[in-house]
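Per-entry structural report
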Amino acid sequence: MSYEEDVEGALITKQRLKAALHYAVGKKCEEIGKKLNVEFSKQVIFALTECTFKQSGKSIYYCLLHIIP
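1. Looking at the overall build of the chain
In terms of helices and strands, the chain carries 2 helices and 0 strands. Out of the 69 residues belonging to the chain, those deemed buried represent 12%. Per element, the accessible surface of the chain, about 6,100 Å² overall, is 64% carbon and sulfur.

2. Some remarks on the pattern of salt bridges
Scanning the model with the defined rule gives 3 salt bridges in all. Ionic pairing is found between Glu-50 and Lys-18, a salt bridge with its closest N-O pair at 3.2 Å. On the criterion of sequence distance, the pair formed by Glu-50 in helix α2 (residues 42-67) and Lys-18 in helix α1 (residues 3-36) is long-range, its members being 32 residues apart. Residue Glu-50 is classed as buried on the basis of its relative accessible area of 17%. In this structure, Lys-28 and Glu-31 form a salt bridge, with 3.3 Å as the shortest nitrogen-oxygen distance. On the criterion of helical spacing, the pair formed by Lys-28 and Glu-31 is a turn pair, its members being 3 residues apart in helix α1.

3. Notes on unusual backbone geometry
Even without a glycine there, the phi angle at Asn-37 is positive, about 60 degrees. Inspection of the secondary structure puts Asn-37 in the loop between α1 and α2. Take Asn-37: its relative accessible area is 73%, and that puts it in the exposed class.

4. Regarding a nonpolar patch on the surface
The grouping of Ile-32, Leu-36 and Val-38 at the surface amounts to a nonpolar patch, some 260 Å² of accessible area in total. Note that Ile-32 resides in helix α1. On the accessibility criterion, Ile-32 (34% relative accessible area) is partly exposed.

5. Some thoughts on the side chain of Thr-49
Looking at the element boundaries, Thr-49 is found in helix α2. When near neighbours in sequence (up to four residues on either side) are disregarded, Thr-49 contacts Lys-18, Leu-21, His-22 and Val-25.

The rules behind these values
Residues numbered from 1 in each chain as written. Predicted model: local features only at pLDDT ≥ 70, side-chain atom pairs only at ≥ 80, totals over all residues. Heavy atoms only, no water. Helix = DSSP H or I, 4+ residues; strand = E, 2+ residues; numbered from the N terminus. Buried < 20%, exposed > 50% of the residue type's maximum accessible area, 1.4 Å probe, protein only. Areas by Shrake-Rupley, 256 points an atom, 1.4 Å probe, with all protein chains shown as cover. Salt bridge = Lys/Arg side-chain N within 4 Å of Asp/Glu carboxyl O. Patch = residues over 30% accessible without salt bridge, like charges linked within 9 Å, V, L, I, M, F, W, Y side chains within 5 Å. Contact = heavy atoms within 4.5 Å.

Structure (structure tokens):
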């Protein structure tokens, strides 16, 4: 594989992970919203997804620093 193919594959994987996370956050917001009788806007769900993705990315990065020499 070339470098460009590796980068493209990583971007596709990142997009898929972010889409899955967005779906999960949306479902959780829906569940909580029903209990509290509130509705979360798309902007709130997007913001929660972005914050979660960035924070989890940092955690994965620091974890990999300990695994990969």
